[in-house]
Amino acid sequence: MTNYFSNDFWWGASSSAFQIEGAWNEDGKGKTVADYNAFLKSDVQADTTVASDFYHHYKEDILLMKELGLKAYRFSISWARIIPDGDGEVNQQGIDFYNKVIDFLLENDITPFVTLYHFDLPFALVDKYNGWESRDCAYAFERYAKTCFEAFGDRVTYWQVHNEQNLMARVNIRMNMYDVPAEQAEKVRAQMDYHMFLAHALATNACREILPNAQIGPAVSSTMTYPHSNRPEDVWAARMNDNFKTNYALEMYCFGEYPGYYKAYLKECGIYPETKPEDEAILKASKPDYLAVNYYRTLVASYLPADEAHPVGTKVNDIDFDLYGYFKMEKNENLVVTDYGIQVDPTGLRLLLNDYYEKYRLPMIITENGLGTGDQLTEDGKIHDDYRIDYLKDHIAACNDAIADGVELFGYSPWSFTDLLSSRQGFAKRYGLVYIDRDDFDLKELRRIRKDSFYWYQDVIKNNGLD
């Protein structure tokens, strides 16, 4: 196989603040929506109290990153560690912590790649504004982003604004939609989603003003949907599933407005968000410098006609929702399924990267791609995760193929560097190249143990790709 990875290709790894840091209320940090949701499940799985304890182990973890050979580390800053109540006083201890992390990464020749928002809205903004339902939340985010640009921008040149807004908006608890009446839910969701797009644009434009040499963009939860059959209506349904779950967001990020099919849906369902005339210029000025892609699986869709009981726009389920008048999710019988129900499809990654590049002509980086499953620590302290190696190998090969196809891909960061807190499965479900020796209720010593995949990925980085 010909190696198409450039010599300056970013081999990285990823994480997020609430899933690794712990220290959830130390040194002035405020509570977040992610904390609140985690504590709702404290009786059945680990929560954010300790997580992987990166807050107290960051030097040890970064030295492991150096040993691995990472060129870049994609991590998120906790908004509530910087501004505990979301829009009040800046917490200098939070600034100090991230300064130490950034400085130590740079000392070890690792490029910090910073995400501003990864599912962890300060909970004080829920109490004050109902979070993203209020336009005030967008301006609070702009102020937080400016604070970060001014504090860290002399050393951080790559910024990611929102992580997976398009997925987050589909999950009620991540949007602090706890008590919204069912008949109002989609109207509230559409308004929250719009204000997040506005916040993204405000932050992007601020970055261009404060840090003219920086690069900034979004990360999307990608979807590649196959039609259930070659019936034209199924082909259309597959296209619309991608459009409604990812492409509408990419269109907004890249062109500053909702595409026609999405405007028509919002209007027909009576849920078009409130906007202001000045928003158009703000949104259209904020085209990203790159696209970050999070990829785990593909989907299959068939056409789902509306009927008397289910008018157009009736939604069933949340993340992989069915939408009457548009699409219904189906199983792909041709793919292997993981223990957690994810259908593994490396070819889908190649197709998706080609699709996005043809549409948007922006450089891209993979910021999440990984296998979440249970790992077994052997008696002699090893983790033999050949299954993860196979997964990563096949997806890196797909990246290589996409580059050969002409896609401008500048980096690959698997999810995740260390094991971390899974929102739904705690520490039973593991993604890391490095094992964190704890379970949901026993912290043990939080030892860091290199998995077989750590050594395999180390060789990939040394070889600048698969040999």
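Caption draft 1: Representation of the overall build of the chain within the structure. Counting its regular elements, the chain contains 15 helices and 15 strands. For 467 residues, the compact-globule estimate of 2.2 N^0.38 gives 23 Å, and the chain sits close to it at 21 Å. The principal-axis extents of the C-alpha atoms in the chain amount to approximately 60 × 55 × 45 Å. Residues counted as buried form 61% of the 467 residues belonging to the chain. For the chain, the proportion of contacts with a sequence separation of at least 24, taken over those separated by at least 6, is 76%. Put simply, the chain shows about 18000 Å² of open surface, and 47% of that area lies on carbon and sulfur atoms. Between the averaged position of the 47 positive side-chain charges in the chain and that of its 73 negative side-chain charges there is a distance of 1 Å.

Caption draft 2: Representation of the pattern of salt bridges. In this structure the tally under the stated criterion is 29 salt bridges. Overlapping salt bridges, with partners in common, bring together D375, D385, R388, D419, R430 and K451 in one network.

Caption draft 3: Here's a closer look at the packing of aromatic side chains. Applying the stated rule across the entire model yields 54 aromatic pairs. Taken together, a centroid distance of 6.5 Å and an interplanar angle of 90° make the contact between Y58 and F104 edge-to-face. Placement of the pair is Y58 in helix α3 (residues 54-68) and F104 in helix α5 (residues 92-107), with a sequence separation of 46 residues. By relative accessible area, which is 11% here, Y58 ends up buried.

Caption draft 4: Local environment of helix α15 (residues 452-462). All of the buried residues in α15 are S453, F454, W456, Y457, Q458, V460 and I461. Looking at the buried positions of α15, the neighbouring elements they touch are β1 (10-14), α3, α14 (386-405), β13 (409-412), β14 (434-437) and β15 (447-450). N464 sits one or two residues past α15 and shows a positive phi near 55°.

Caption draft 5: How the structure looks around the nonpolar core. Counting 137 residues, the largest nonpolar core has W79, W132, F141, W159 and Y457 as the members making the most contacts within it. Here this core gets 14 residues from one element, more than from any other, and that element is helix α9 (residues 185-210). Apart from residues lying up to four places away in sequence, F141 is in contact with W79, L116, Y117, W132, V161, H162, A199 and A203. Core analysis: the next-biggest nonpolar cluster, separate from the first, contains 8 residues, A72, A219, A292 and I365 among them.

Caption draft 6: Up close: helix α7 (residues 135-152). Under the 1.5 Å per step criterion, the end-to-end length of α7 is 26 Å for 18 residues, consistent within 8% with the ideal 26 Å. Every buried residue belonging to α7 is among R135, C137, A138, A140, F141, E142, Y144, A145, T147, C148, F149 and F152, and all of these are buried. Capping the start of α7 is the job of one residue whose side-chain oxygen sits 3.0 Å from the backbone nitrogen of D136: S134.

Caption draft 7: Expanded view of the sheet that holds strand β7 (residues 291-294). Overall, parallel pairing links the 8 strands, which are arranged β1-β2-β3-β4-β5-β7-β12-β13 in a closed barrel. Adjacent strand axes in the sheet meet at a mean angle of 30°, parallel and antiparallel pairs treated alike. For strand β3 (residues 111-117) and strand β4 (residues 158-163), the ladder comprises 4 bridges, and the chain directions are parallel. Pairing of T115 across the sheet is with Q160, part of β4. Against the sheet, α14 makes contact with β1, β12 (364-368) and β13, and its axis sits at roughly 170° relative to β13, the strand it touches most.

Caption draft 8: Up close: the sheet that holds strand β6 (residues 225-227). A sheet is described by the order of its strands in space; here 3 strands give the open sequence β6-β8-β11, paired in mixed fashion. Looking at the sheet topology across the chains shown, the edges are occupied by β6 and β11 (328-330). Shown here is a sheet whose adjacent strand axes are inclined to one another by a mean of 45°, direction ignored. Where β6 lies against strand β8 (residues 299-302), 3 bridges are found, and the strand directions are parallel.

Thresholds applied
Residues numbered from 1 in each chain as written. Predicted model: local features only at pLDDT ≥ 70, side-chain atom pairs only at ≥ 80, totals over all residues. Heavy atoms only, no water. Helix = DSSP H or I, 4+ residues; strand = E, 2+ residues; numbered from the N terminus. Rg over C-alpha atoms; globule rule 2.2 N^0.38 Å. Buried < 20%, exposed > 50% of the residue type's maximum accessible area, 1.4 Å probe, protein only. Contact = heavy atoms within 4.5 Å. Areas by Shrake-Rupley, 256 points an atom, 1.4 Å probe, with all protein chains shown as cover. Lys, Arg positive; Asp, Glu negative; His and termini not counted. Charge placed at Lys NZ, Arg CZ, Asp CG, Glu CD. Salt bridge = Lys/Arg side-chain N within 4 Å of Asp/Glu carboxyl O. Phe/Tyr/Trp six-rings, centres within 6.5 Å; stacked < 30°, edge-to-face > 60°. Core = buried A, V, L, I, M, F, W, Y, C linked by side-chain atoms within 4.5 Å. Expected span 1.5 Å × (residues − 1). Polar contact = N/O pair within 3.5 Å; in protein donor to acceptor, adjacent residues only side chain to side chain. Pairing = 2+ DSSP bridges. Axes fitted to C-alpha atoms, helices over the stretch in contact; angles between N-to-C directions.

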